[in-house]
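# Observations on chain architecture
Each chain is listed here by its residues.
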Amino acid sequence: MWVYCPDMAGARMRGMAVVTGASSGIGAATARALAGDGWRVVVGARRVDRIEALAADIGALSHQLDVDDADSVERFAAFVTGADDDRGGMVGPSRLLVNNAGGALGWAPVADADEQQWRAMYETNVLGVVRMIKALLPMLEARGDGTVVTVGSIAGYEPYPNGGGYNAAKFAVRAAMSALRQELLGRPVRVCEIDPGMVATEFSLVRFGGDAERAAAVYEGVTPLTAEDVAECIRWVAARPPHVNVDQLVVLARDQAGARQIHRHTADDG
Ligand SMILES: NC(=O)c1ccc[n+]([C@@H]2O[C@H](COP(=O)([O-])OP(=O)(O)OC[C@H]3O[C@@H](n4cnc5c(N)ncnc54)[C@H](OP(=O)(O)O)[C@@H]3O)[C@@H](O)[C@H]2O)c1
């Protein structure tokens, strides 16, 4: 169930970092970037084979996690808290939770909304984040220097046609992060948000139910961000001194100016 890699024992210790949705894309790249920056990383996702392979590769711990399922979150949190005591070398000066698990399902006008997909998006992108925060906040705060980084989206600032369900979820999680930041004022926990535009990951493949051609068309003629570009933003935000809170960081590809404005290069562009 878990992989402990003693090679990391001598690494510069920033403390323990939890990354949700680390089985692909931004989450996997973030886990890698954080491990490389001296964090002891715990990765979670539903596809256990993937997180186990990643953990073995970067010297992290892994545990199954479905943020939609309160029991799964509870088991994951118990694993993380336990890791502090009995796995050796896990204790560090600060703690970090990266709420990355999420994504979009479907592409349809509001008038044709698939309620099941809307509910599922709210469940993962909003309630999943809230569950993780409820489970790990006491631990983050107890260290006297905790950080929550939530991966939102440009879709949480600018709605676009056919994206209503995803827009609603990402707007909602941004509202929740803002409320949390105010609630925690005066307490030693930072609340940060990274809001990317187009990133080439499995995001579109998931959104379009596995239709690879449709997913590839999203990035046609565009140089999108890579998962590593976003991971580097998260690594940087987490590495700021404890008194510096990067509230929101919107990061877009040069070919994108807002959720709806995308420049697609053609052969005529020269
Ligand atoms: N790619 C983009 O263009 C883009 C832009 C802005 C924001 N974002 C946001 O970035 C985050 C990461 O997405 P990505 O682009 O890296 O897409 P991705 O490659 O599809 O990765 C999504 C990750 O979320 C995990 N996940 C989904 N549902 C989960 C659940 N119920 N419990 C636990 N893990 C779950 C998946 O793991 P399992 O399936 O193994 O559980 C996977 O590791 C998402 O919040 C997404 O909304 C993406």
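Residues numbered from 1 in each chain as written. Predicted model: local features only at pLDDT ≥ 70, side-chain atom pairs only at ≥ 80, totals over all residues. Heavy atoms only, no water.

This next bit is on the layout of surface pockets. A probe matching the size of a water molecule, rolled over the atoms, marks out where space remains unfilled. Put simply, the second largest pocket is a space of about 160 Å³. The wall of the second largest pocket is formed by Arg 181, Leu 184, Leu 185, Gly 186, Arg 187, Pro 188, Val 189, Arg 190, Val 191, Pro 242, His 243 and Asn 245. If one sorts the elements of the lining of the second largest pocket by residue count, strand β6 (residues 189–196) sits on top with 3 residues. When the residues that make up the lining of the second largest pocket are grouped by side-chain class, the tally is 6 nonpolar, 3 polar and 3 charged. (1 Å grid on protein atoms, 1.4 Å probe; cavity = no way out; pocket = protein on both sides within 12 Å on 5 of 7 lines; lining within 4 Å. Points joined across faces, edges and corners; volume = space filled by probe spheres on them. Helix = DSSP H or I, 4+ residues; strand = E, 2+ residues; numbered from the N terminus. Nonpolar A, V, L, I, M, F, W, Y, C, P; charged D, E, K, R; others polar.)

Right, let's talk about the packing of helix α1 (residues 25–36) against helix α8 (residues 227–239) for a bit. The interhelical angle for the contact between α1 and α8, taken along N-to-C directions, is 50°, at an axis separation of 8 Å. As the angle between them shows, α1 and α8 are arranged oblique. In this structure, α1 meets α8 at a crossing whose hand is right-handed. Facing α1, whose interface residues are Gly 25, Ile 26, Ala 29, Thr 30, Ala 33 and Leu 34, α8 presents Ala 227, Glu 228, Val 230, Ala 231, Ile 234 and Arg 235. Counted by class, the contact of α1 with α8 contains 8 nonpolar, 2 polar and 2 charged residues. (Axes fitted to C-alpha atoms, helices over the stretch in contact; angles between N-to-C directions. Parallel < 35°, antiparallel > 145°, perpendicular 65-115°, else oblique. Left-handed = near helix turned anticlockwise from the far one by under 90°. Contact = heavy atoms within 4.5 Å.)

A separate point is the site of the ligand. Contacts to the ligand come from 32 residues, most closely from Ser 23, Ser 24, Arg 46, Tyr 166 and Thr 201. Gly 103 places a main-chain nitrogen or oxygen 3.5 Å from an oxygen atom of the ligand. In the complex, 95% of the free accessible area of the ligand, which totals 880 Å², lies under the protein chains. Broken down by secondary-structure element, the contributors of at least two residues to the shell around the ligand are α1, α4 (115–142), α5 (164–183) and α6 (203–207). Its residues assigned to classes, the shell around the ligand comprises 13 nonpolar, 13 polar and 6 charged. (Near = heavy atom within 4 Å. Polar contact = N/O pair within 3.5 Å; in protein donor to acceptor, adjacent residues only side chain to side chain. Areas by Shrake-Rupley, 256 points an atom, 1.4 Å probe, with all protein chains shown as cover.)

Our focus in this paragraph is the pairing of strand β5 (residues 146–151). Strand residues, when the strand is regular, have side chains that alternate between the two faces of the sheet. In terms of burial, β5 is largely enclosed, as 6 of its 6 residues are buried. The alternating pattern of β5 places Gly 146, Val 148 and Thr 150 on one face and Thr 147, Val 149 and Val 151 on the opposite face, and all of these are buried. Of the strand pairs in this sheet, β5 and β6 are connected by 6 bridges, and their pairing is parallel. By the bridge assignment for β6, Thr 150 is matched with Glu 193. Remark: the β5/α5/β6 crossover connection has right-handed handedness. (Buried < 20%, exposed > 50% of the residue type's maximum accessible area, 1.4 Å probe, protein only. Pairing = 2+ DSSP bridges. Right-handed = clockwise from strand over helix to strand, strands pointing away.)

Further remarks concern empty space enclosed by the protein. Inspection of the entire model under this criterion finds 2 cavities of 30 Å³ or more. Taken as a whole, the largest cavity spans an internal volume of roughly 50 Å³. Every residue along the wall of the largest cavity is listed here: Met 16, Val 18, Val 80, Arg 95, Leu 96, Leu 136, Met 139 and Leu 140. Broken down by secondary-structure element, the contributors of at least two residues to the lining of the largest cavity are β1 (15–20), β4 (94–99) and α4. For the lining of the largest cavity, the leading source of residues is α4, giving 3 residues. Taken together, the residues that form the lining of the largest cavity break down as 7 nonpolar, no polar and 1 charged.

Attention shifts here to the packing of α4 against α5. At a minimum axis distance of 8 Å, the contact between α4 and α5 shows a crossing angle of 20°. In terms of their interaxial angle, α4 and α5 are classed as roughly parallel. Classified by chirality, the crossing of α5 by α4 is right-handed. Of α5, the residues touching α4 (which contributes Trp 118, Met 121, Tyr 122, Asn 125, Val 126, Val 129 and Ile 133) are Gly 164, Gly 165, Tyr 166, Ala 168, Ala 169, Lys 170, Ala 172, Val 173, Met 177 and Leu 180.

All right, on to α1 then. The terminal C-alpha atoms of α1 lie 17 Å apart, and with 12 residues this matches the ideal 16 Å at 1.5 Å per residue to within 8%. Counting buried residues along α1, 9 of its 12 residues qualify, which places the element largely inside the surrounding structure. Among all positions of α1, only Ile 26, Gly 27, Ala 28, Ala 29, Thr 30, Ala 31, Ala 33, Leu 34 and Ala 35 are buried. Positive backbone phi, approximately 95°, marks Gly 38, located one or two places after α1. (Expected span 1.5 Å × (residues − 1).)

Look at Asn 162: it is not a glycine, yet its phi comes out positive at around 75°. Examined against the element boundaries, Asn 162 turns out to sit in the loop between β5 and α5.

Turning our eyes to something else, we now look at the pattern of salt bridges. The tally for this structure, following the rule as stated, stands at 11 salt bridges. Notably, a salt bridge pairs Arg 235 with Asp 37, separated by 2.9 Å at the nearest N-O pair. Here the residue Arg 235 occupies a position in helix α8, and Asp 37 occupies one in the loop between α1 and β2 (39–45), the gap between them amounting to 198 residues. Note on accessibility: Arg 235 and Asp 37 belong to one class, buried. (Salt bridge = Lys/Arg side-chain N within 4 Å of Asp/Glu carboxyl O.)

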